[in-house]
Amino acid sequence: MDSIGIYLDYNASTPIHPAVQEAMAPFLAGPYGNPSSGHWAGAPAARAVAHARAQIAGLLGCSPGEVIFTSGGTESNNAALLGAFWAAGEGRRHFVTTRIEHPAVVEPCRFLERLGAEVTSVGVDSQGLVDPGDIAAAIRADTVLVSVMHANNEVGTIQPIAEIARLTREAGILLHSDAAQSVGKVATRVDELGVDLLSLAGHKFYGPKGVGALYVRAGTKLEPLLHGAGHEGGRRAGTENVLLDVGLGAAAELAGDLAWAEGVRELRDWLWGELRSRWGEQVALNGHPTQRLPNTLNVSFVGRRGAAILAAMPEVAASTGSACHADSNTLSPVLEAMAVPLAAGAGAIRFSLGRMTTRGELEALVERLTVAAER
Ligand SMILES: Cc1ncc(COP(=O)(O)O)c(C=O)c1O
(Lines give C-alpha, C1' and ligand atoms only; values in the text may rest on other atoms or scores of the structure.)
Protein backbone atom coordinates (compact mmCIF):
# COMPACT_ATOMS: atom_id res chain seq x y z
CA MET A 1 0.00 0.00 0.00
CA ASP A 2 1.23 3.49 -0.83
CA SER A 3 1.51 5.26 2.51
CA ILE A 4 1.14 8.75 1.07
CA GLY A 5 -2.03 7.89 -0.84
CA ILE A 6 -5.62 7.66 0.38
CA TYR A 7 -6.88 4.34 -0.95
CA LEU A 8 -10.67 4.25 -1.32
CA ASP A 9 -10.97 1.75 -4.16
CA TYR A 10 -11.35 -1.52 -2.24
CA ASN A 11 -14.13 -2.63 -4.63
CA ALA A 12 -11.53 -2.56 -7.42
CA SER A 13 -9.01 -4.57 -5.39
CA THR A 14 -7.93 -5.13 -1.80
CA PRO A 15 -4.44 -5.50 -0.35
CA ILE A 16 -3.46 -9.03 0.63
CA HIS A 17 -4.24 -9.23 4.35
CA PRO A 18 -1.23 -9.94 6.61
CA ALA A 19 -2.88 -13.18 7.81
CA VAL A 20 -3.23 -14.29 4.18
CA GLN A 21 0.40 -13.34 3.44
CA GLU A 22 1.47 -15.39 6.43
CA ALA A 23 -0.47 -18.43 5.23
CA MET A 24 0.96 -18.11 1.71
CA ALA A 25 4.61 -17.41 2.53
CA PRO A 26 5.71 -21.02 3.20
CA PHE A 27 4.23 -22.09 -0.13
CA LEU A 28 6.47 -19.86 -2.22
CA ALA A 29 9.48 -22.01 -1.40
CA GLY A 30 7.58 -24.91 0.09
CA PRO A 31 5.92 -28.05 -1.22
CA TYR A 32 6.84 -28.13 -4.89
CA GLY A 33 5.44 -31.51 -5.80
CA ASN A 34 2.42 -31.82 -8.03
CA PRO A 35 -0.76 -32.20 -5.92
CA SER A 36 -1.79 -35.03 -8.28
CA SER A 37 1.39 -37.05 -7.59
CA GLY A 38 0.86 -39.89 -5.15
CA HIS A 39 4.39 -39.71 -3.64
CA TRP A 40 5.90 -37.86 -0.68
CA ALA A 41 6.50 -34.65 -2.67
CA GLY A 42 2.95 -34.33 -3.92
CA ALA A 43 1.14 -35.15 -0.69
CA PRO A 44 1.74 -31.87 1.22
CA ALA A 45 0.68 -29.83 -1.81
CA ALA A 46 -2.49 -31.92 -2.16
CA ARG A 47 -3.21 -31.47 1.55
CA ALA A 48 -2.78 -27.70 1.26
CA VAL A 49 -5.22 -27.50 -1.66
CA ALA A 50 -7.72 -29.70 0.17
CA HIS A 51 -7.46 -27.50 3.27
CA ALA A 52 -8.02 -24.35 1.20
CA ARG A 53 -11.03 -25.94 -0.49
CA ALA A 54 -12.47 -26.81 2.93
CA GLN A 55 -11.93 -23.22 4.12
CA ILE A 56 -13.93 -21.90 1.15
CA ALA A 57 -16.63 -24.51 1.70
CA GLY A 58 -16.77 -23.38 5.34
CA LEU A 59 -17.36 -19.78 4.27
CA LEU A 60 -20.11 -20.72 1.81
CA GLY A 61 -21.70 -23.46 3.92
CA CYS A 62 -21.29 -26.11 1.23
CA SER A 63 -19.28 -29.31 0.85
CA PRO A 64 -15.65 -29.06 -0.40
CA GLY A 65 -16.58 -31.11 -3.49
CA GLU A 66 -18.86 -28.26 -4.57
CA VAL A 67 -15.93 -25.78 -4.84
CA ILE A 68 -13.91 -25.40 -8.06
CA PHE A 69 -10.79 -23.22 -8.05
CA THR A 70 -10.59 -20.75 -10.96
CA SER A 71 -8.40 -17.84 -12.04
CA GLY A 72 -10.87 -15.28 -10.63
CA GLY A 73 -14.33 -13.78 -10.91
CA THR A 74 -14.23 -13.53 -14.69
CA GLU A 75 -13.44 -17.20 -15.21
CA SER A 76 -16.01 -18.27 -12.60
CA ASN A 77 -18.74 -16.33 -14.39
CA ASN A 78 -17.70 -17.66 -17.81
CA ALA A 79 -17.57 -21.22 -16.49
CA ALA A 80 -21.07 -20.90 -15.01
CA LEU A 81 -22.77 -19.29 -18.01
CA LEU A 82 -21.04 -21.09 -20.87
CA GLY A 83 -20.89 -24.36 -18.94
CA ALA A 84 -24.65 -24.29 -18.35
CA PHE A 85 -25.33 -23.46 -22.01
CA TRP A 86 -23.20 -26.31 -23.31
CA ALA A 87 -24.69 -28.76 -20.79
CA ALA A 88 -28.33 -27.74 -21.39
CA GLY A 89 -30.56 -30.14 -23.25
CA GLU A 90 -31.63 -29.76 -26.85
CA GLY A 91 -33.85 -26.72 -27.47
CA ARG A 92 -32.99 -24.91 -24.23
CA ARG A 93 -31.09 -21.74 -25.02
CA HIS A 94 -32.61 -18.81 -23.10
CA PHE A 95 -30.82 -16.91 -20.32
CA VAL A 96 -32.06 -14.18 -17.98
CA THR A 97 -29.76 -11.57 -16.47
CA THR A 98 -29.87 -7.90 -15.46
CA ARG A 99 -28.73 -4.58 -16.86
CA ILE A 100 -26.34 -3.91 -13.97
CA GLU A 101 -24.05 -6.91 -14.23
CA HIS A 102 -20.26 -6.61 -14.38
CA PRO A 103 -18.72 -7.02 -17.86
CA ALA A 104 -17.60 -10.46 -16.65
CA VAL A 105 -21.27 -11.49 -16.99
CA VAL A 106 -22.36 -9.10 -19.76
CA GLU A 107 -19.65 -10.22 -22.20
CA PRO A 108 -20.13 -13.99 -21.75
CA CYS A 109 -23.84 -13.27 -22.38
CA ARG A 110 -22.92 -11.47 -25.63
CA PHE A 111 -20.80 -14.50 -26.54
CA LEU A 112 -23.72 -16.83 -25.74
CA GLU A 113 -25.83 -14.82 -28.19
CA ARG A 114 -23.20 -15.38 -30.86
CA LEU A 115 -23.45 -19.10 -30.08
CA GLY A 116 -27.21 -18.97 -30.70
CA ALA A 117 -28.57 -18.30 -27.20
CA GLU A 118 -31.16 -15.65 -26.39
CA VAL A 119 -30.55 -13.37 -23.42
CA THR A 120 -33.15 -11.24 -21.63
CA SER A 121 -31.68 -8.43 -19.49
CA VAL A 122 -34.13 -7.08 -16.93
CA GLY A 123 -33.91 -3.52 -15.64
CA VAL A 124 -33.56 -2.11 -12.14
CA ASP A 125 -35.22 0.72 -10.21
CA SER A 126 -33.59 4.07 -9.44
CA GLN A 127 -31.80 2.54 -6.43
CA GLY A 128 -30.35 -0.30 -8.48
CA LEU A 129 -32.72 -3.00 -7.20
CA VAL A 130 -33.98 -5.82 -9.39
CA ASP A 131 -37.70 -6.63 -9.03
CA PRO A 132 -38.12 -10.43 -8.68
CA GLY A 133 -41.44 -9.97 -10.51
CA ASP A 134 -39.48 -8.89 -13.59
CA ILE A 135 -37.35 -12.03 -13.35
CA ALA A 136 -40.50 -14.17 -13.06
CA ALA A 137 -41.94 -12.47 -16.15
CA ALA A 138 -38.74 -13.09 -18.13
CA ILE A 139 -38.49 -16.84 -17.40
CA ARG A 140 -39.61 -19.00 -20.32
CA ALA A 141 -40.09 -22.72 -20.94
CA ASP A 142 -36.66 -22.87 -22.59
CA THR A 143 -34.78 -20.84 -19.95
CA VAL A 144 -31.56 -22.51 -18.83
CA LEU A 145 -30.28 -20.16 -16.16
CA VAL A 146 -30.87 -16.85 -14.38
CA SER A 147 -27.76 -14.79 -13.46
CA VAL A 148 -28.20 -11.93 -10.98
CA MET A 149 -25.23 -10.42 -9.16
CA HIS A 150 -25.40 -10.52 -5.36
CA ALA A 151 -24.12 -6.98 -4.84
CA ASN A 152 -23.31 -4.36 -7.43
CA ASN A 153 -19.68 -3.25 -7.75
CA GLU A 154 -20.45 0.42 -8.53
CA VAL A 155 -23.29 1.35 -6.18
CA GLY A 156 -23.30 -1.60 -3.76
CA THR A 157 -27.02 -2.41 -3.98
CA ILE A 158 -27.70 -5.93 -2.67
CA GLN A 159 -30.17 -7.98 -4.70
CA PRO A 160 -33.00 -10.16 -3.30
CA ILE A 161 -31.26 -13.39 -4.34
CA ALA A 162 -33.20 -15.68 -1.96
CA GLU A 163 -36.49 -14.41 -3.40
CA ILE A 164 -35.25 -14.94 -6.95
CA ALA A 165 -34.09 -18.46 -5.94
CA ARG A 166 -37.66 -19.38 -5.02
CA LEU A 167 -38.68 -18.51 -8.59
CA THR A 168 -35.87 -20.43 -10.28
CA ARG A 169 -36.48 -23.50 -8.08
CA GLU A 170 -40.17 -23.45 -8.94
CA ALA A 171 -39.25 -23.21 -12.63
CA GLY A 172 -36.63 -25.98 -12.30
CA ILE A 173 -33.84 -23.82 -13.71
CA LEU A 174 -30.40 -22.78 -12.50
CA LEU A 175 -29.60 -19.64 -10.51
CA HIS A 176 -26.11 -18.15 -10.74
CA SER A 177 -24.96 -15.18 -8.70
CA ASP A 178 -21.76 -13.18 -9.10
CA ALA A 179 -20.75 -12.66 -5.47
CA ALA A 180 -17.36 -11.11 -6.24
CA GLN A 181 -18.33 -7.95 -4.34
CA SER A 182 -20.37 -9.42 -1.51
CA VAL A 183 -18.06 -12.15 -0.20
CA GLY A 184 -16.50 -11.02 3.08
CA LYS A 185 -18.76 -7.95 3.32
CA VAL A 186 -22.16 -9.60 3.88
CA ALA A 187 -23.27 -13.21 4.47
CA THR A 188 -22.90 -15.45 1.43
CA ARG A 189 -24.03 -18.90 2.59
CA VAL A 190 -25.27 -20.70 -0.48
CA ASP A 191 -28.25 -22.38 1.17
CA GLU A 192 -29.52 -19.08 2.57
CA LEU A 193 -29.16 -17.53 -0.89
CA GLY A 194 -30.58 -20.60 -2.63
CA VAL A 195 -28.13 -20.39 -5.53
CA ASP A 196 -26.86 -23.27 -7.69
CA LEU A 197 -23.74 -21.42 -8.82
CA LEU A 198 -21.79 -18.64 -7.06
CA SER A 199 -18.69 -16.76 -8.25
CA LEU A 200 -15.88 -15.53 -5.96
CA ALA A 201 -12.79 -13.41 -6.69
CA GLY A 202 -9.87 -13.55 -4.24
CA HIS A 203 -8.62 -10.00 -4.68
CA LYS A 204 -11.93 -8.50 -3.59
CA PHE A 205 -11.71 -10.01 -0.09
CA TYR A 206 -8.06 -9.57 0.89
CA GLY A 207 -6.76 -12.58 -1.01
CA PRO A 208 -4.40 -12.62 -3.99
CA LYS A 209 -5.26 -11.53 -7.52
CA GLY A 210 -5.71 -14.11 -10.27
CA VAL A 211 -7.53 -16.69 -8.18
CA GLY A 212 -11.19 -17.29 -7.45
CA ALA A 213 -13.70 -20.06 -7.08
CA LEU A 214 -17.00 -21.25 -8.45
CA TYR A 215 -19.48 -22.94 -6.17
CA VAL A 216 -21.38 -25.62 -8.10
CA ARG A 217 -24.29 -27.22 -6.24
CA ALA A 218 -23.98 -31.03 -6.24
CA GLY A 219 -25.80 -32.51 -9.21
CA THR A 220 -25.53 -29.37 -11.40
CA LYS A 221 -24.49 -30.22 -14.94
CA LEU A 222 -21.80 -27.93 -16.38
CA GLU A 223 -19.58 -28.47 -19.39
CA PRO A 224 -16.02 -27.42 -18.42
CA LEU A 225 -14.28 -24.50 -20.13
CA LEU A 226 -10.92 -26.22 -19.80
CA HIS A 227 -10.49 -29.85 -20.79
CA GLY A 228 -7.39 -31.77 -19.83
CA ALA A 229 -6.15 -34.14 -17.19
CA GLY A 230 -9.27 -34.17 -15.05
CA HIS A 231 -8.33 -31.83 -12.20
CA GLU A 232 -11.05 -30.36 -9.98
CA GLY A 233 -13.09 -33.52 -10.43
CA GLY A 234 -12.96 -33.18 -14.22
CA ARG A 235 -14.55 -29.72 -14.04
CA ARG A 236 -11.50 -27.48 -14.64
CA ALA A 237 -8.31 -29.02 -15.96
CA GLY A 238 -4.85 -27.74 -15.09
CA THR A 239 -2.44 -28.32 -12.23
CA GLU A 240 -3.71 -26.59 -9.12
CA ASN A 241 -2.18 -23.19 -8.30
CA VAL A 242 -1.16 -24.26 -4.81
CA LEU A 243 0.21 -20.87 -3.68
CA LEU A 244 -2.85 -18.89 -4.78
CA ASP A 245 -5.31 -21.54 -3.64
CA VAL A 246 -3.77 -21.42 -0.16
CA GLY A 247 -4.17 -17.62 -0.23
CA LEU A 248 -7.79 -17.89 -1.29
CA GLY A 249 -8.49 -20.38 1.50
CA ALA A 250 -6.92 -18.11 4.12
CA ALA A 251 -8.88 -15.13 2.78
CA ALA A 252 -12.09 -17.18 2.97
CA GLU A 253 -11.35 -18.03 6.58
CA LEU A 254 -10.90 -14.32 7.33
CA ALA A 255 -14.06 -13.42 5.38
CA GLY A 256 -16.21 -15.62 7.60
CA ASP A 257 -16.00 -13.04 10.39
CA LEU A 258 -18.11 -10.04 9.36
CA ALA A 259 -17.57 -8.05 12.59
CA TRP A 260 -15.24 -5.58 10.80
CA ALA A 261 -18.02 -4.63 8.40
CA GLU A 262 -19.95 -2.80 11.14
CA GLY A 263 -16.96 -0.54 11.78
CA VAL A 264 -16.58 0.23 8.09
CA ARG A 265 -20.32 0.95 7.79
CA GLU A 266 -19.99 3.55 10.56
CA LEU A 267 -17.02 5.18 8.81
CA ARG A 268 -18.87 5.15 5.48
CA ASP A 269 -21.97 6.72 7.03
CA TRP A 270 -19.83 9.34 8.77
CA LEU A 271 -18.34 10.28 5.38
CA TRP A 272 -21.79 10.55 3.80
CA GLY A 273 -22.97 12.74 6.71
CA GLU A 274 -19.98 15.06 6.21
CA LEU A 275 -20.60 15.35 2.46
CA ARG A 276 -24.28 16.12 3.05
CA SER A 277 -23.55 18.74 5.67
CA ARG A 278 -21.07 20.49 3.36
CA TRP A 279 -22.89 20.21 0.03
CA GLY A 280 -26.54 19.56 0.94
CA GLU A 281 -28.64 18.85 -2.12
CA GLN A 282 -25.57 19.27 -4.34
CA VAL A 283 -24.57 15.70 -3.43
CA ALA A 284 -26.81 12.71 -4.16
CA LEU A 285 -26.47 9.10 -3.11
CA ASN A 286 -26.41 6.49 -5.89
CA GLY A 287 -27.62 3.07 -4.80
CA HIS A 288 -30.00 1.76 -2.17
CA PRO A 289 -29.94 3.76 1.09
CA THR A 290 -29.93 0.64 3.32
CA GLN A 291 -29.83 -2.54 1.21
CA ARG A 292 -26.26 -1.84 0.23
CA LEU A 293 -22.71 -3.10 0.84
CA PRO A 294 -21.44 -1.60 4.12
CA ASN A 295 -18.23 -0.25 2.52
CA THR A 296 -19.61 1.40 -0.61
CA LEU A 297 -20.52 5.07 -1.08
CA ASN A 298 -21.30 6.16 -4.63
CA VAL A 299 -22.02 9.85 -4.57
CA SER A 300 -22.90 12.32 -7.31
CA PHE A 301 -21.51 15.84 -7.13
CA VAL A 302 -24.37 17.34 -9.09
CA GLY A 303 -23.37 19.58 -12.01
CA ARG A 304 -19.68 18.72 -11.61
CA ARG A 305 -17.52 16.08 -13.28
CA GLY A 306 -16.35 13.18 -11.15
CA ALA A 307 -13.25 12.69 -13.28
CA ALA A 308 -12.26 16.35 -12.88
CA ILE A 309 -12.67 16.18 -9.10
CA LEU A 310 -10.51 13.04 -8.92
CA ALA A 311 -7.92 14.57 -11.24
CA ALA A 312 -7.65 17.54 -8.86
CA MET A 313 -6.72 15.25 -5.94
CA PRO A 314 -4.34 12.66 -7.43
CA GLU A 315 -3.39 11.29 -4.01
CA VAL A 316 -6.94 9.89 -3.66
CA ALA A 317 -7.60 6.52 -5.34
CA ALA A 318 -11.31 6.16 -6.16
CA SER A 319 -13.45 5.51 -9.27
CA THR A 320 -15.83 7.54 -11.39
CA GLY A 321 -19.16 6.41 -12.78
CA SER A 322 -18.76 7.98 -16.18
CA ALA A 323 -16.34 8.05 -19.06
CA CYS A 324 -15.58 11.56 -20.21
CA HIS A 325 -14.66 12.42 -23.74
CA ALA A 326 -13.73 15.81 -25.17
CA ASP A 327 -17.28 16.90 -25.82
CA SER A 328 -19.51 14.35 -24.19
CA ASN A 329 -20.09 12.33 -21.04
CA THR A 330 -21.26 8.72 -21.09
CA LEU A 331 -22.63 7.26 -17.92
CA SER A 332 -21.66 3.77 -16.85
CA PRO A 333 -24.28 1.18 -17.91
CA VAL A 334 -25.14 0.74 -14.21
CA LEU A 335 -25.98 4.42 -13.62
CA GLU A 336 -27.77 4.48 -16.96
CA ALA A 337 -29.89 1.46 -15.99
CA MET A 338 -30.78 3.28 -12.76
CA ALA A 339 -31.89 6.28 -14.88
CA VAL A 340 -29.52 8.65 -13.04
CA PRO A 341 -29.76 12.02 -14.84
CA LEU A 342 -26.62 12.96 -16.81
CA ALA A 343 -25.97 16.10 -14.72
CA ALA A 344 -25.77 13.94 -11.58
CA GLY A 345 -24.22 10.82 -13.11
CA ALA A 346 -21.34 12.75 -14.69
CA GLY A 347 -20.38 13.84 -11.18
CA ALA A 348 -20.46 10.34 -9.69
CA ILE A 349 -17.54 9.06 -7.64
CA ARG A 350 -17.39 5.65 -5.98
CA PHE A 351 -15.60 5.62 -2.65
CA SER A 352 -15.16 2.03 -1.49
CA LEU A 353 -13.72 1.61 2.00
CA GLY A 354 -11.95 -1.40 3.46
CA ARG A 355 -10.46 -3.03 6.52
CA MET A 356 -7.49 -0.63 6.51
CA THR A 357 -9.52 2.60 6.10
CA THR A 358 -9.17 5.08 8.98
CA ARG A 359 -11.23 8.05 10.12
CA GLY A 360 -8.11 10.19 9.57
CA GLU A 361 -8.01 9.21 5.90
CA LEU A 362 -11.66 10.17 5.46
CA GLU A 363 -11.11 13.50 7.20
CA ALA A 364 -8.21 14.17 4.81
CA LEU A 365 -10.43 13.16 1.88
CA VAL A 366 -13.16 15.63 2.91
CA GLU A 367 -10.59 18.45 3.12
CA ARG A 368 -9.23 17.63 -0.35
CA LEU A 369 -12.73 17.26 -1.78
CA THR A 370 -13.66 20.68 -0.43
CA VAL A 371 -10.81 22.25 -2.37
CA ALA A 372 -11.26 20.09 -5.50
CA ALA A 373 -15.04 20.40 -5.81
CA GLU A 374 -15.08 24.14 -5.19
CA ARG A 375 -12.63 24.73 -8.06
C1 LIG B 1 -18.97 -7.91 -9.63
C2 LIG B 1 -17.68 -8.36 -10.23
N3 LIG B 1 -17.65 -9.50 -10.94
C4 LIG B 1 -16.52 -9.95 -11.51
C5 LIG B 1 -15.36 -9.26 -11.41
C6 LIG B 1 -14.12 -9.77 -12.11
O7 LIG B 1 -13.30 -10.46 -11.20
P8 LIG B 1 -11.78 -10.79 -11.61
O9 LIG B 1 -11.09 -9.50 -11.70
O10 LIG B 1 -11.28 -11.64 -10.47
O11 LIG B 1 -11.81 -11.55 -12.87
C12 LIG B 1 -15.33 -8.06 -10.68
C13 LIG B 1 -14.08 -7.26 -10.58
O14 LIG B 1 -14.05 -6.07 -10.79
C15 LIG B 1 -16.53 -7.60 -10.07
O16 LIG B 1 -16.57 -6.46 -9.39
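Caption draft 1: Looking closely at the pairing of strand β3 (residues 94-98). Within β3, five of the five residues are buried, which leaves the element mostly enclosed by the surrounding structure. With burial as the criterion, each face of β3 is covered, one bearing H94, V96 and T98 and the other bearing F95 and T97. Where β3 lies against strand β4 (residues 118-122), five bridges are found, and the strand directions are parallel. Opposite T97, over in β4, you have S121 as the bridge partner. Regarding the hand of the β-α-β motif, the stretch spanning β3, helix α5 (residues 103-114) and β4 is right-handed. Sheet topology note: the β3/strand β5 (residues 143-147) ladder contains three bridges and is parallel. Residue pairing for β5: H94 is matched across the bridge by T143.

Caption draft 2: How the structure looks around the site of the ligand. Near the ligand lie 13 residues; those nearest to it are G73, T74, D178, Q181 and K204. Measuring from an oxygen atom of the ligand, one finds a backbone N or O atom of G73 at 2.9 Å. The separation between a nitrogen atom of the ligand and a polar side-chain atom of D178 is 2.6 Å. With the chains in place, 84% of the 390 Å² that the ligand exposes on its own is no longer accessible. In the shell around the ligand, the residues fall into four nonpolar, seven polar and two charged.

Caption draft 3: Main features of the sheet that holds strand β12 (residues 319-320). A sheet is described by the order of its strands in space; here four strands give the open sequence β9-β10-β15-β12, paired in antiparallel fashion. For this open sheet the edge positions go to β9 (283-286) and β12, each flanked by a neighbour on one side alone. With two bridges joining them, β12 and strand β15 (residues 348-352) adopt antiparallel strand pairing. Its bridge partner being in β15, S319 is matched across the sheet by R350.

Caption draft 4: Focus on helix α7 (residues 161-171). Those residues of α7 that fall on the buried side of the exposure criterion are I161, I164, A165 and T168. The arc that holds every buried residue of α7, seen down its axis, measures 105 degrees, which confines them to one face. Among the exposed residues of α7, those pointing more than 90 degrees away from its buried face are R166 and E170. In the core, the buried residues of α7 are packed alongside α6 (132-138), β5, β6 (174-178) and α8 (190-193). Immediately downstream of α7, the backbone of G172 shows phi near 70 degrees, a positive value.

Caption draft 5: Inspection of the environment of S332 at higher detail. The topology assignment puts S332 in the loop between β14 (329-331) and α13 (333-337). Since its relative accessible area comes to 11%, S332 is described here as buried. For the pair S332 and G321, spaced 11 residues apart in the sequence, the C-alpha separation amounts to 5.5 Å. For S332, the residues in contact, after removing those within four places along its chain, are E154, G321 and S322.

Caption draft 6: Region of the structure containing the sheet that holds β5. Pairing is mixed across the open sheet formed by seven strands, whose spatial order is β2-β8-β7-β6-β5-β3-β4. Looking at strand neighbours, the two that pair on one side only are β2 (67-70) and β4, the edges of this open sheet. The average angle at which neighbouring strand axes cross in this sheet is 20 degrees, direction not considered. Against the sheet, helix α3 (residues 43-60) touches β2, β7 (197-201) and β8 (212-216), its axis set at about 115 degrees to β2. Those strands touched by helix α4 (residues 73-87) are β2, β3, β5, β6, β7 and β8, and its axis lies near 160 degrees from that of β7.

Caption draft 7: Region of the structure containing unusual backbone geometry. For E232, which is not glycine, the phi dihedral falls at a positive 50 degrees. Tracing the chain through its elements places E232 in helix α9 (residues 231-234). Here E232 falls in the buried class, since its relative accessible area comes to 8%. Although it is not a glycine, A339 sits at a positive phi angle of roughly 60 degrees. By the element assignment, A339 lies in the loop between α13 and α14 (342-345).

What counts, and at which threshold
Residues numbered from 1 in each chain as written. Predicted model: local features only at pLDDT ≥ 70, side-chain atom pairs only at ≥ 80, totals over all residues. Heavy atoms only, no water. Buried < 20%, exposed > 50% of the residue type's maximum accessible area, 1.4 Å probe, protein only. Helix = DSSP H or I, 4+ residues; strand = E, 2+ residues; numbered from the N terminus. Pairing = 2+ DSSP bridges. Right-handed = clockwise from strand over helix to strand, strands pointing away. Near = heavy atom within 4 Å. Polar contact = N/O pair within 3.5 Å; in protein donor to acceptor, adjacent residues only side chain to side chain. Areas by Shrake-Rupley, 256 points an atom, 1.4 Å probe, with all protein chains shown as cover. Nonpolar A, V, L, I, M, F, W, Y, C, P; charged D, E, K, R; others polar. Arc of directions from axis to C-beta. Contact = heavy atoms within 4.5 Å. Axes fitted to C-alpha atoms, helices over the stretch in contact; angles between N-to-C directions.

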